Amino acid sequence: MEITNVTEYQAIAKQKLPKMVYDYYASGAEDEWTLQENRNAFSRILFRPRILIDVSKIDMTTTVLGFKISMPIMLAPTAMQKMAHPEGEYATARAASAAGTIMTLSSWATSSVEEVASTGPGIRFFQLYVYRDRNVVAQLVRRAERAGFKAIALTVDTPRLGRREADIKNRFTLPPFLTLKNFEGLDLGKMDKADDSGLASYVAGQIDRTLSWKDVKWLQTITSLPILVKGVLTAEDARIAVQAGAAGIIVSNHGARQLDYVPATIMALEEVVKAAQGRIPVFLDGGVRRGTDVFKALALGASGIFIGRPVVFSLAAEGEAGVRKVLSMLREEFELTMALSGCRSLKEITRQHIVTDWDSPHGLPAPRL
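Residues numbered from 1 in each chain as written. Predicted model: local features only at pLDDT ≥ 70, side-chain atom pairs only at ≥ 80, totals over all residues. Heavy atoms only, no water.

Stated formally: UniProt positions are given in the numbering used here, feature names are shortened, and annotations may be inferred rather than shown by experiment.
Within an unreviewed UniProt entry, the label attached to the protein chain reads (S)-2-hydroxy-acid oxidase, and the organism entered is Hibiscus trionum. Its UniProt record gives the protein chain the following Sequence similarities (unreviewed entry) comment, quoted word for word: "Belongs to the FMN-dependent alpha-hydroxy acid dehydrogenase family." Reading the Catalytic activity (unreviewed entry) entry of the UniProt record for the protein chain gives the comment "glycolate + O2 = glyoxylate + H2O2".

## A closer look at the packing of helix H12 (residues 291–299) against helix H13 (residues 309–341)
To keep things clear, this is the line we draw: To get an axis, fit a line to the C-alpha atoms, keeping to the stretch in contact for a helix; angles then go from 0 to 180 degrees between the N-to-C directions. Helix numbering and strand numbering both begin at the N terminus, where a helix is a DSSP run of H or I of at least 4 residues and a strand a DSSP run of E of at least 2. Angle categories are assigned with fixed cut-offs, so that under 35 degrees is roughly parallel, over 145 is roughly antiparallel, 65 to 115 is roughly perpendicular, and the rest are oblique. Helix crossings fall into two classes, left-handed where the near helix is turned counterclockwise from the far one by less than a right angle and right-handed where it is turned clockwise. Contacts are assigned to residue pairs that have any heavy atoms within 4.5 Å of one another. Note that Gly is not counted as nonpolar here; it falls among the polar residues with everything else outside the nonpolar set of Ala, Val, Leu, Ile, Met, Phe, Trp, Tyr, Cys and Pro and the charged set of Asp, Glu, Lys and Arg.
Across the interface, H12 lies against H13 with an axial gap of 7 Å and an inter-helix angle of 60 degrees. Compared by their axis directions, H12 and H13 come out oblique. Two packed elements cross with a definite hand, and for H12 against H13 that hand is right-handed. Seen from H12, the contacting residues are Gly 291, Thr 292, Val 294, Phe 295 and Leu 298; seen from H13, they are Leu 330, Glu 333, Phe 334, Thr 337, Met 338 and Ser 341. Its residues placed into classes, the contact of H12 with H13 shows six nonpolar, four polar and one charged.

## Observations concerning empty space enclosed by the protein
Test applied: The definitions used throughout rest on a 1 Å grid laid over the protein atoms alone, on which a cavity is an enclosed set of points accommodating a 1.4 Å probe that cannot get out and a pocket is an open set flanked by protein within 12 Å on both sides along at least five of seven lines; lining residues are those having an atom within 4 Å of a point. Grid points are joined across faces, edges and corners, and a volume is the space filled by probe spheres set on the points.
Following the criterion strictly, the structure yields two cavities of 30 Å³ or more and no others. Each pocket or cavity is described by its volume, and for the largest cavity that value is around 400 Å³. Around the largest cavity, the lining is made up of 28 residues, and of these Pro 77, Thr 78, His 254, Gly 255 and Arg 257 lie nearest the centre. For the lining of the largest cavity, the secondary-structure elements that each account for two or more residues are helix H2 (19–26), strand E11 (304–307) and H13.

## A word on the packing of helix H6 (residues 134–146) against helix H9 (residues 213–222)
Relative orientation of the contacting elements H6 and H9 amounts to 50 degrees, with a least axis distance of 11 Å. Between H6 and H9, the angle falls in the class oblique. In this structure, H6 meets H9 at a crossing whose hand is right-handed. On H9, the residues touching Arg 134, Val 137, Ala 138, Val 141 and Glu 145 of H6 are Asp 215, Trp 218, Leu 219 and Ile 222. Here the residues of the contact of H6 with H9 sort into six nonpolar, no polar and three charged.

## Re the UniProt feature "active site" (unreviewed entry) in the protein chain
The UniProt feature table records "active site" (unreviewed entry) at His 254. Excluding anything up to four places from it in sequence, His 254 contacts Tyr 129, Thr 155, Asp 157, Thr 158 and Arg 164.

## Focus on the pattern of salt bridges
Quick note on the threshold: The term salt bridge refers to a pairing of a side-chain nitrogen on Lys or Arg with a carboxyl oxygen on Asp or Glu at a separation within 4 Å. Each residue gets one of three labels from its accessible area relative to the maximum for its type: buried under 20%, exposed over 50%, partly exposed in between, using a 1.4 Å probe on protein chains only.
A complete count under the given rule lists 18 salt bridges for this structure. Put simply, Glu 114 and Arg 143 hold a salt bridge, and the shortest N to O gap is 2.9 Å. One end of the pair, Glu 114, is in helix H5 (residues 113–117); the other, Arg 143, is in helix H6, and 29 residues separate them in sequence. Since its relative accessible area comes to 37%, Glu 114 is described here as partly exposed. Arg 143 gets classed as buried once you look at its relative accessible area, which sits at 16%. One salt bridge connects Arg 134 with Asp 208, and the closest N-O pair in it is separated by 2.3 Å. Within this pair, whereas Arg 134 is found in helix H6, its partner Asp 208 is found in the loop between helix H8 (198–206) and H9, the two being separated by 74 residues in sequence. Here Asp 208 falls in the buried class, since its relative accessible area comes to 10%. Where salt bridges share partners, they join Glu 87, Arg 94, Glu 320 and Arg 324 into one cluster.

## Re the nonpolar core
How we decide: The set of buried Ala, Val, Leu, Ile, Met, Phe, Trp, Tyr and Cys residues whose side-chain atoms join them within 4.5 Å is what this entry labels a nonpolar core.
Core analysis: the largest hydrophobic core is formed by 108 residues, its most contacted members being Trp 108, Leu 128, Ile 266, Leu 269 and Phe 334. At 13 residues, the largest contribution of residues to this core is made by H13. The residues contacting Leu 269, other than those within four sequence positions of it, are Val 251, Val 282, Leu 284, Ala 297, Leu 300 and Ala 302.

## Some points on the packing of aromatic side chains
Note the following rule: For Phe, Tyr and Trp, where Trp contributes only its six-membered ring, two rings pair if their centres lie within 6.5 Å, and the inter-plane angle classes them as stacked under 30 degrees, edge-to-face over 60, or tilted in between. Here, a charge over a ring is recorded when the distance from Lys NZ or Arg CZ to the ring centre is within 6 Å and its angle to the ring normal is within 35 degrees.
Counted under the stated rule, the structure contains nine aromatic pairs. Seen in terms of ring centroids, Tyr 22 and Phe 313 are 5.8 Å apart; in terms of plane orientation they differ by 25 degrees. Their pairing is stacked. Of this pair, Tyr 22 sits in helix H2 while Phe 313 is found in helix H13, placing the two residues 291 residues apart along the sequence. Put simply, the rings of Tyr 24, Tyr 25 and Phe 172 touch in pairs and so form one group of aromatic residues. If you follow Arg 134 out to its NZ or CZ, it ends over the ring of Trp 218, 5.4 Å from the centre. Taking the ring centre of Phe 47 as reference, the NZ or CZ of Lys 296 above it sits at 5.4 Å.

Below, the structure written as structure tokens:
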């Protein structure tokens, strides 16, 4: 059966993967309310397409932190990709490079920064978890720099791991033939079996709960790489991120895997964008499955979006070819959405091109959905 959209890969991944692995990728925290909401919220935004505009030429290119990419669709950090496919992060890196876009490598990858760099050219960011041992952190950042990574995406929403009940039920742990490759030489690459989630125990033991804004400052003293703060959901934190010298903000709820009952990221986006006041770019992570979703995020002020689960599901289904297909489908859908909305470049996508169910009745008419 021919795959015609991104979502179809999830069912294939579910068939192919061991239950423990699929559940790890697919599940969210607790009631999974935010997991559903990350998707559902997009359906509360409708289009106001403009017609009779020459859309014979459409330019989707953009720059992120000064790097030119083919489209505003990038790859979020997703952990342990070799659980999905033997080629894991190698395949993902090649697919991202072929699509002319940015891959973010997870700290908890099953391939190291050096291994991913060895796949060939490409613009890559490194997602960072701050370990209690700051020498480990400094070493990791230096290795990412040396391997040619262009930015650090600092995850700030995980002082403790969210309660993911599927992982507790499955006693989730990294399969024995895999390691967290970036930590292999530091005796931090293995995950012990636990009475609940092996990952939750690993985080409790290794990740620093004291992490605060002063550590964002500290990170700037050990690296010249731009720092993206990943996990911002409020205007208050957006303003502090700007003051702290962040190069950008990723509006993220960690794929709805941390605190349940936070808003969908697309709902939090506009508040963060307004608070950033154009001083640094704001990106959206979470729930994007269609080109229409990408357009909606940009109309609300995002400079680009990141996809996570679609990468691991397509990787599980078809390896590198699957990830390439996800990127090409999203690209084609986004281009079509632009054309049908009357936008020829990203700068032509405006707030006027959408109406949301939270728009005030005195402004644009809010349709009853």
